[in-house]
Amino acid sequence: MMVNFVPHDGPQADYFITTNDNSKTRELLEALGATVHANENYTAYVWDSRLKDTFLSGAGVLDSNFRLGPTSLPRMPRSFGSGTYHVVQLLHDGARVVPDTFGILPVYYSDTAVTNRLHLAALVEREIDAHNSMSATYDYSGFSFQFNTLHTPVRGFKLAESGHVIIVDGAKVTTSQFHLDNSFEILSKDEYWDLIERGAEDLVRDITAMVDSDYPIYTDITGGKDSRLVFGAIVAAGRQKDVIFNTIANPSNEGQKIDLDIATGLVSRYGGTYNKASSVIGYSHHSAAANMIKRRSQVFGSYHWITPSDISPVRPLNKKPFIRVMGGGGEVYRSRWNYLLFTKTDLDQLATPHSILDMLISHQPKDRTAQVAQDYFYLYRDQLVSDFMRMPGPTLGHKMDSHFLNFRNRFHFTQKQSNAESMFGLSIANSPALLSAYRGLPSSERQMGRVAYDVMRTFDEKLPHYPFDKPLNPKIFTSPYHRKSMVEERELTLVPKPEIALRPRTVPPGVEFPTRPVSPDYDFSGILDQEIERSRDVILSSTLYKFLNKADLDNLINWSSERSIAQKSAIASKITAFADYTDSTE
């Protein structure tokens, strides 16, 4: 039986816009709770009756002000900052969907429809491309932990590319680049630095808008470079005392201890606090099983990594939503696929269908999972190569970076499933100017991680010279793009202050807050086993996946269980998605 549709209950509002409306679609979507907006050439179904013709789904900086959805807007914004959002405008004769600048909140479209929920697309269309869904078996790294092709398993529906706006005009649905400059011409030193300075201003503007909002701001800080981008923007804005820093205060390994030492040293050096006034007013209770169903509906096979916190039965309820500002978007500025996966690739080789196919074949697994990866590659090979070729840029290095931007950077850092009770995470490092600066560098410079270093210098000359968990690339200082620094190659000293991360939460005098209830026992690994067993039976009894060999499926399941809980959760998610796709055709 197909998984129940579960609407978002956080800052997002679900919608399905179609130019091919009919009584069957209307009956289905109204029964699922949609409000109908009937227009001349299209019909919009929206899962929030309060929203007007222009509305925000998600959260982000619009016209230099931070907005948290779902909420109606008086007009289409003139400027779009960082965040995780869609602005939807329903006009009399057409509609527009403008996602955030990097498209972190995914949107899907076909020739006749656009939606933020792939589950709704499956319910309406009832057609699944099982061959394309097998791209999740290309390998078992981050490349296949989320969609890696623009064509989704719902036949006819594609993922809109990063930076694209979606337009409903008459009976047509089209997309076009709106936010990003897809030029890859090599920049001069002055052109590069102009973009670095403009991008740094973007980050300061956006963090200022968030801090000036009426919401508490949490900021992750570790020993890494990405979180220091955010920290630097806060320092440059002079707002380090207006946010609440967050670091794992009880390290369980050496890496976490290094993070704690560096992070607390920085917070102590520049000022700031780990204290937080408690605003918990109660706790919500949902069974682990109910949370799993929510995840299956809202993620619908687009991301494959389940954690125990995703299905935790007890969550705190706060007076106001907390905004968690993350630095994860910084990964788009340092050739991540080349470092993590396609390690043997010549970044400057011209991208052709043949060179992309060679790259994909040469980097497939060589372990116990190799047979599955190789035996089913033919099912989706042409689509994966075609979508790789569609990525912006002329070389393999450019295509890899654009693929990371369009897939890993979106699904890994977006809101996976709604939790109205918890924080809403945002990445502010998603700056079109910084992306243009990065894309305009030679491949040797892109690999150095110099964009993050140069932005940090713009915030504070000393900031990138305090220790990191991994040292800076020394080639940064001899590059023709380097501007001489008063610090140069010296590493400055930090004094760790781990005790400041352990300070107790502040509770106003005379105020009592509810005690967190004991969370019901739930066996996370056991729940994964149940999902795997149920889904395996559905898949093997279906005609949709008749090409999938039982022995191959069991080999994957057994390998993941032996490998790690992370791989077990990923395989459970993939197999569950295959089962949900199967059920959606019945």
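You'll find the structure just up there.
Cut-offs and rules
Residues numbered from 1 in each chain as written. Predicted model: local features only at pLDDT ≥ 70, side-chain atom pairs only at ≥ 80, totals over all residues. Heavy atoms only, no water. Helix = DSSP H or I, 4+ residues; strand = E, 2+ residues; numbered from the N terminus. Rg over C-alpha atoms; globule rule 2.2 N^0.38 Å. Contact = heavy atoms within 4.5 Å. Areas by Shrake-Rupley, 256 points an atom, 1.4 Å probe, with all protein chains shown as cover. Lys, Arg positive; Asp, Glu negative; His and termini not counted. Charge placed at Lys NZ, Arg CZ, Asp CG, Glu CD. Buried < 20%, exposed > 50% of the residue type's maximum accessible area, 1.4 Å probe, protein only. Salt bridge = Lys/Arg side-chain N within 4 Å of Asp/Glu carboxyl O. Pairing = 2+ DSSP bridges. Axes fitted to C-alpha atoms, helices over the stretch in contact; angles between N-to-C directions. Polar contact = N/O pair within 3.5 Å; in protein donor to acceptor, adjacent residues only side chain to side chain. Phe/Tyr/Trp six-rings, centres within 6.5 Å; stacked < 30°, edge-to-face > 60°. Expected span 1.5 Å × (residues − 1).

### Some points on the overall build of the protein chain
Right, so step 1: Helix and strand content of the protein chain: 19 helices and 19 strands.
Right, so step 2: Taken over C-alpha atoms, the radius of gyration comes to 24 Å for the protein chain, in line with the 25 Å a tight globule of 586 residues would show.
Right, so step 3: A principal-axis box enclosing the C-alpha atoms of the protein chain has dimensions of 65 × 65 × 55 Å.
Right, so step 4: Pairs at least 24 residues apart make up 76% of the contacts formed inside the protein chain by residues separated by at least 6 positions.
Right, so step 5: Carbon and sulfur atoms make up 50% of the accessible area of the protein chain, which totals about 23,400 Å².
Right, so step 6: Here the protein chain holds 62 positive side-chain charges and 68 negative ones, and the gap between their average locations is 3 Å.

### Digging into helix H16 (residues 450-459)
Because each turn of an α-helix spans 3.6 residues, side chains separated by three or four positions in sequence point in the same direction.
Right, so step 1: Counting buried positions along H16 gives 9 out of 10 residues, so the element sits mostly inside the fold.
Right, so step 2: Turning to H16, its buried residues number three or more, namely Arg450, Val451, Ala452, Tyr453, Asp454, Val455, Met456, Arg457 and Phe459.
Right, so step 3: Packed against the buried residues of H16 are helix H4 (189-212), helix H5 (225-237), helix H14 (432-439) and helix H15 (443-446).

### Description of the pattern of salt bridges
Side chains that differ in sign of charge can pair as their charged atoms come close.
Right, so step 1: All chains considered together, the criterion is met by 30 salt bridges.
Right, so step 2: With a shortest N-O distance of 2.9 Å, Asp454 and Arg450 are connected by a salt bridge. With Asp454 and Arg450 both in helix H16, this residue pair falls 4 residues apart, about one helical turn. Exposure class is identical for Asp454 and Arg450. Each is buried.
Right, so step 3: For the salt bridge of Asp554 with Lys550, the shortest nitrogen-to-oxygen distance reads 3.2 Å. Pair noted here: Asp554 and Lys550 are both in helix H18 (residues 550-563), with a separation of 4 residues, about one helical turn.
Right, so step 4: The partly exposed category is assigned to Lys550, whose relative accessible area is 47%.
Right, so step 5: Taken together, the salt bridges that share partners define one network made up of Arg296, Glu531, Arg534 and Asp580.

### Quick look at the pairing of strand E5 (residues 65-68)
Right, so step 1: Only one face of E5 is covered, namely the face carrying Phe66 and Leu68; the face carrying Asn65 and Arg67 is uncovered.
Right, so step 2: Direction of pairing for strand E4 (residues 54-62) relative to E5: antiparallel, over a ladder of 4 bridges. In the strand pairing of E5, Leu62 is matched with Asn65.
Right, so step 3: Hairpin connection, E4 to E5: the antiparallel pair is bridged by 2 residues, and Asp63 has positive phi, about 50 degrees.

### Considering unusual backbone geometry
Right, so step 1: Cis geometry is found at the peptide bond from Gly69 to Pro70, where omega equals -5 degrees.
Right, so step 2: In this structure, Asp63 is a non-glycine residue whose phi angle is positive, near 50 degrees.
Right, so step 3: Topologically, Asp63 is positioned in the loop between E4 and E5.
Right, so step 4: For Ser64, which is not glycine, the phi torsion reads 65 degrees and is therefore positive.
Right, so step 5: Residue position: Ser64 is located in the loop between E4 and E5.
Right, so step 6: With relative accessibility at 39%, the residue Ser64 sits in the partly exposed group.

### Considering the side chain of Gln89
Right, so step 1: Along the chain, the position of Gln89 falls in strand E7 (residues 80-90).
Right, so step 2: Residue classification places Gln89 among the buried positions, given a relative accessible area of 11%.
Right, so step 3: Not counting residues within four places of it along the chain, the set of residues in contact with Gln89 comprises Asp53, Thr54, Met76, Gly94, Ala95 and Arg96.

### Description of the pairing of strand E2 (residues 35-38)
Right, so step 1: The sheet contact formed by E2 and strand E3 (residues 43-46) spans 4 bridges and is antiparallel. Note that in E3 the partner of His37 across the bridge is Ala44.
Right, so step 2: Hairpin connection, E2 to E3: the antiparallel pair is bridged by 4 residues.

### What to know about the sheet that holds strand E14 (residues 217-220)
Right, so step 1: The parallel open sheet is built from 4 strands, whose spatial order is E15-E14-E18-E19. Edge positions in the open sheet fall to strand E15 (244-246) and strand E19 (424-427), since each of these has one partner strand only. For this sheet, the mean inter-axis angle between neighbouring strands, taken without regard to orientation, is 30 degrees.
Right, so step 2: Taken together, the 4 bridges between strand E18 (residues 323-326) and E19 define a ladder with parallel strand orientation.

### Considerations on the side chain of Arg315
Right, so step 1: Within the fold, Arg315 resides in strand E17 (residues 314-318).
Right, so step 2: For Arg315, a relative accessible area of 11% puts it in the buried group.
Right, so step 3: At 3.1 Å, the side chain of Arg315 forms a polar contact with the backbone oxygen of Asp310.

### Quick word on the packing of aromatic side chains
Right, so step 1: Scanning all chains against the criterion turns up 27 aromatic pairs.
Right, so step 2: Here Tyr138 and Phe377 contribute two aromatic rings whose centre-to-centre distance is 6.2 Å and whose plane-to-plane angle is 50 degrees, an arrangement assigned as tilted. Pair noted here: Tyr138 is in the loop between helix H3 (130-133) and strand E11 (158-159) and Phe377 is in helix H11 (residues 377-390), with a separation of 239 residues, a long-range link.
Right, so step 3: A centroid spacing of 5.9 Å and a plane angle of 85 degrees characterise the contact between Tyr192 and Trp193, whose relative ring orientation is edge-to-face.
Right, so step 4: Judged by its relative accessible area of 0%, Tyr192 is buried.

### Some details on the environment of Ile217
Right, so step 1: You can see Ile217 is positioned in strand E14.
Right, so step 2: Put simply, Ile217 and Leu472 are 255 residues apart on the chain and 29 Å apart in space, counted from C-alpha to C-alpha.
Right, so step 3: Apart from residues no more than four positions distant in its own chain, Ile217 is found in contact with Met210, Val211, Val243, Ile244, Ile323 and Val325.

### Things to note about the sheet that holds E2
Right, so step 1: Within the open sheet, the 6 strands sit side by side as E2-E3-E1-E10-E9-E11. Their pairing is antiparallel. Edge positions in the open sheet fall to E2 and E11, since each of these has one partner strand only.
Right, so step 2: Along the sheet face, helix H1 (residues 23-31) touches strand E1 (15-18), E2 and E3 and points at about 20 degrees away from the line of E3.
Right, so step 3: The strands that helix H2 (residues 118-125) touches are E1, strand E9 (108-109) and strand E10 (113-115); relative to E1, the one it contacts most, it runs at about 45 degrees.

### A closer look at helix H6 (residues 254-270)
Right, so step 1: Over its 17 residues, H6 runs 24 Å from end to end, which matches the ideal 24 Å to within 8%, given 1.5 Å per residue.
Right, so step 2: Packing partners of the buried residues in H6 comprise H5 and E15.
Right, so step 3: Between the side-chain oxygen of the N-cap and the backbone nitrogen of Gly255 there are 3.1 Å, and the N-cap of H6 in question is Asn253.
Right, so step 4: In the stretch just after H6, Gly271 is the one whose phi turns positive, near 95 degrees.

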